[in-house]
Each structure stands twice: as structure tokens, then as C-alpha cells.
Amino acid sequence: TSANLKGPISTLCFSQTDDLLLVGYESGLLELWQHNSVVDHKQVSDGPITAACSMPDSQFAVTNMNTLVVDVWKLVWNQQCSKASLVKVKSYKVKTSMVRLVYCSLLVGVTFQGKLCDVANVINDEWGNTNTSWNQSVNILSVVRNDNKSVWLTGENNDEVHIGFFFGMGSNAPIDSSFSSITMNSGDNEQENKKRSLITAITVDQEFVVCGDQEGNIWFNQHPDISSWSEKKPAHLDRISELRLTDRNIISASYDRTLKLWDRNTKKQVGMFVCGGPVLFLEVNPRKPSELVCADGQGKLYSLCWKD
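Keep in mind it's a predicted model, so treat the numbers as computed, not measured.

Caption draft 1: Quick look at the UniProt feature "repeat: WD" (unreviewed entry) in the chain. In the UniProt entry, the feature "repeat: WD" (unreviewed entry) is given for residues 233-272. Overall, residues 233-272 shows 0% helix and 60% strand. The separation of its end C-alpha atoms is 16 Å.

Caption draft 2: Here's a closer look at the pattern of salt bridges. Counting across every chain of the model gives 9 salt bridges. The partner of R196 in a salt bridge is D159, and the shortest N-O contact between them spans 3.0 Å. Here R196 is found in the loop between β16 (179-185) and β17 (199-205), whereas its partner D159 is found in the loop between β14 (150-157) and β15 (160-167), with 37 residues between them in sequence. Judged by its relative accessible area of 13%, D159 falls in the buried class. With a closest N to O distance of 3.0 Å, E283 and R244 form a salt bridge. Remark: R244 occurs in strand β21 (residues 240-245) and E283 occurs in strand β25 (residues 279-284); sequence separation between them is 39 residues. E283 sits in the partly exposed class, given a relative accessible area of 24%.

Caption draft 3: Molecular detail of the environment of M65. Relative to the helices and strands, M65 resides in the loop between β6 (59-64) and β7 (69-77). Along the chain, M65 and P48 lie 17 residues apart, while their C-alpha atoms are 5.6 Å from each other.

Caption draft 4: Just the UniProt feature "domain: TEP-1 C-terminal beta-propeller" (unreviewed entry) in the chain, in detail. In the numbering used here, UniProt assigns the "domain: TEP-1 C-terminal beta-propeller" (unreviewed entry) feature to residues 236-306. End C-alpha atoms of residues 236-306 are separated by 20 Å, and the span's content is 0% helix alongside 58% strand.

Caption draft 5: The packing of aromatic side chains, seen in detail. Scanning all chains against the criterion turns up 4 aromatic pairs. Measuring from ring centre to ring centre gives 4.8 Å for W152 and F165, while their planes differ by 65°; the resulting arrangement is edge-to-face. On the criterion of sequence distance, the pair formed by W152 in strand β14 and F165 in strand β15 is long-range, its members being 13 residues apart. Ring geometry for F208 and F220: centres 6.2 Å apart, planes at 45°, overall tilted. Note that F208 is positioned in strand β18 (residues 208-213) and F220 in strand β19 (residues 217-220), a separation of 12 residues in sequence. Across from the ring centre of W219, 4.2 Å away, lies the NZ or CZ of K232, which sits over that ring. The residue whose ring lies beneath K267 is F220, and the NZ or CZ to ring-centre distance is 4.9 Å.

Caption draft 6: Structural detail: the sheet that holds strand β4 (residues 37-43). If you trace the 4 strands from one edge of the open sheet to the other, you get β1-β2-β3-β4, paired in antiparallel fashion. Each end of this open sheet is capped by a strand with a single partner; those strands are β1 (9-14) and β4. Adjacent strand axes in the sheet meet at a mean angle of 20°, parallel and antiparallel pairs treated alike. Sheet topology note: the strand β3 (residues 29-34)/β4 ladder contains 6 bridges and is antiparallel.

Caption draft 7: Region of interest: the side chain of K260. Relative to the helices and strands, K260 is located in strand β23 (residues 258-263). No salt bridge is formed by the buried K260; the nearest opposite charge belongs to D256, separated by 5.2 Å.

Caption draft 8: Seen up close, the layout of surface pockets. One number sums up the size of the second largest pocket: a volume of about 330 Å³. Looking at the lining of the second largest pocket, the elements that each hand over two or more residues are β3, β26 (291-296) and β27 (301-305). The element contributing the most residues to the lining of the second largest pocket is β27, with 5 residues. Of the residues belonging to the lining of the second largest pocket, the class tally is 10 nonpolar, 7 polar and 3 charged.

Analysis parameters
Residues numbered from 1 in each chain as written. Predicted model: local features only at pLDDT ≥ 70, side-chain atom pairs only at ≥ 80, totals over all residues. Heavy atoms only, no water. UniProt positions renumbered as here; feature names shortened; annotations may be inferred. Helix = DSSP H or I, 4+ residues; strand = E, 2+ residues; numbered from the N terminus. Salt bridge = Lys/Arg side-chain N within 4 Å of Asp/Glu carboxyl O. Buried < 20%, exposed > 50% of the residue type's maximum accessible area, 1.4 Å probe, protein only. Phe/Tyr/Trp six-rings, centres within 6.5 Å; stacked < 30°, edge-to-face > 60°. Lys NZ or Arg CZ within 6 Å of the ring centre and 35° of its normal. Pairing = 2+ DSSP bridges. Axes fitted to C-alpha atoms, helices over the stretch in contact; angles between N-to-C directions. Lys, Arg positive; Asp, Glu negative; His and termini not counted. 1 Å grid on protein atoms, 1.4 Å probe; cavity = no way out; pocket = protein on both sides within 12 Å on 5 of 7 lines; lining within 4 Å. Points joined across faces, edges and corners; volume = space filled by probe spheres on them. Nonpolar A, V, L, I, M, F, W, Y, C, P; charged D, E, K, R; others polar.

Here it is, written out as C-alpha cells:
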């Protein structure tokens, strides 16, 4: 954990290939961490870093709120391999600011309204470079990596759970036809309409979907009928901010300052960690699923690991 005088953290991103963590701040500061220490930091804008994603070859795509640009930064070592620095290798102009970035054989940006854009080609505005299936209709809650070429997207609208799947086949493939989605009702039956609580987090792994709401409940779809839902289970005392899945665990983070681990099979709680403030961001290390980082509302960064 590190106490932070740098202000609030606004994005976290693990490298898919290297032991690196990128931390973005609302102040426009970028930090690159390796083995729990900062190897480089750069003031890249005067506005909040809104999104970042890992790319091949020790690169990260990063964007901020104040400029309509997505920058690609590469970690470059000096000849003695004693010092590393982030070097900007590319900049793409975009038409609207991106709130999520994801790399799956091409760099895809997601706008606040829910439009998917091919970042490298969006300014040319050619046919096929955007997908508007969810534009202004679905509040996107997560982008979950499936493999090198595909991701799941989850979202909510009017108490319905939306699950999308996007696959990228390189930079020339039109992305308007590379996305498909389904809608699941969220398990609230009609009598419970009065008690409906806003869905605030969703994650998915293959056919397993986990949801969380603003009151701290979590619930999931069931087997073998994967369109049916479990009962809502009170997991936290306040809004669920993030959900993650590993092979063995469900990880939930909440505004109640706690992060909890649940056994994926039994759904029983197997661990808990208390942060200093509401937990706002959570990322699991893709190379070591028993390691995670989270950031709270006080600007503190926590690095946690556990033994299965």
C-alpha cells in the first residue's frame, strides 16, 4: 500500500505480457510500477487519465479527458537495463473521448455513450469503423478479456443485463460487424419491482455471469439453465464497485471499503481486506491470478496476494 499525495487514481492497468502495472491519476500523472516500485512517471496531461490498456511489445494505450487523443506508450530500457522509461510511440486523434480502451488484435475505444470505435481509423470515419449497437442504450460496466483476439462486454439498462462479445481480426476488419450481444433479465421478478436496486457491476467468464448492485448484493446465473439467476446475496454494506473472476474465486469490491474473496464453486466467503476508503478500482494480475491491485477513494494503492 502507498499513501498518495498525488490525488485520486482514475485508472489501473496490468500488462498482459510483462510484470508491469500502469497507474493513471485524475491529475494527468502516469506511473509505471514493477515489483511494487515506480520505475517511471510522467505528467501526460492536465486532465484525468480516463482509460488505459495493455498492448503487445511492452506498450500501453492511454487516453485522458481533456484532449481527443489516444497515445501509445512503450517501456524502453537503457543499454545497461538499469533504468526504464515510458516513450510515446504513436498518437491517434479521436472524435470523442474514450472511457475504455481494449486491445484485441486492434485497438478499440469505447465512448461514454457506448459506441465502439477502431481507434486507428476512427478519424477517417470510413464505413465499418464504429459499432453503435449499444450507443446511448446500454451503460457499459466492464470489458473482460476472453483471449488475444476477443473480449466480453457487460452492461445494464432498465434492470436488464447486457452481455456483448467482440472479436477483432486485425486492423482492416470492419468492427461494426464484429460485435454481437444478448439481453438477460436480471432475475428480479415483477413483484419485486418496488425493491429494484441499480446494477453497478457485472463480470463474465465463459458462460458464468456475476452481478452486483448499489445495495451491496451479488447474484449469478446458475447451471445448467444459465438463463436463471440465484437469489441476491448480501455481500457488502454498500454499492458493489467492481467484480472480477478467476478460475477459483469471485472477487468483489465495494464502497463499504472492503474487498472480499468468494469461492467460485461454493460461493462462500474465503477472504477479506479492508481499505482506507471506498474501493473504486480493482484489477487482477493476468499472469498471476492470485495477485491483485486496488485503489480507494483516498488515492491509496494496495497490492494484495493470497494463497489458494
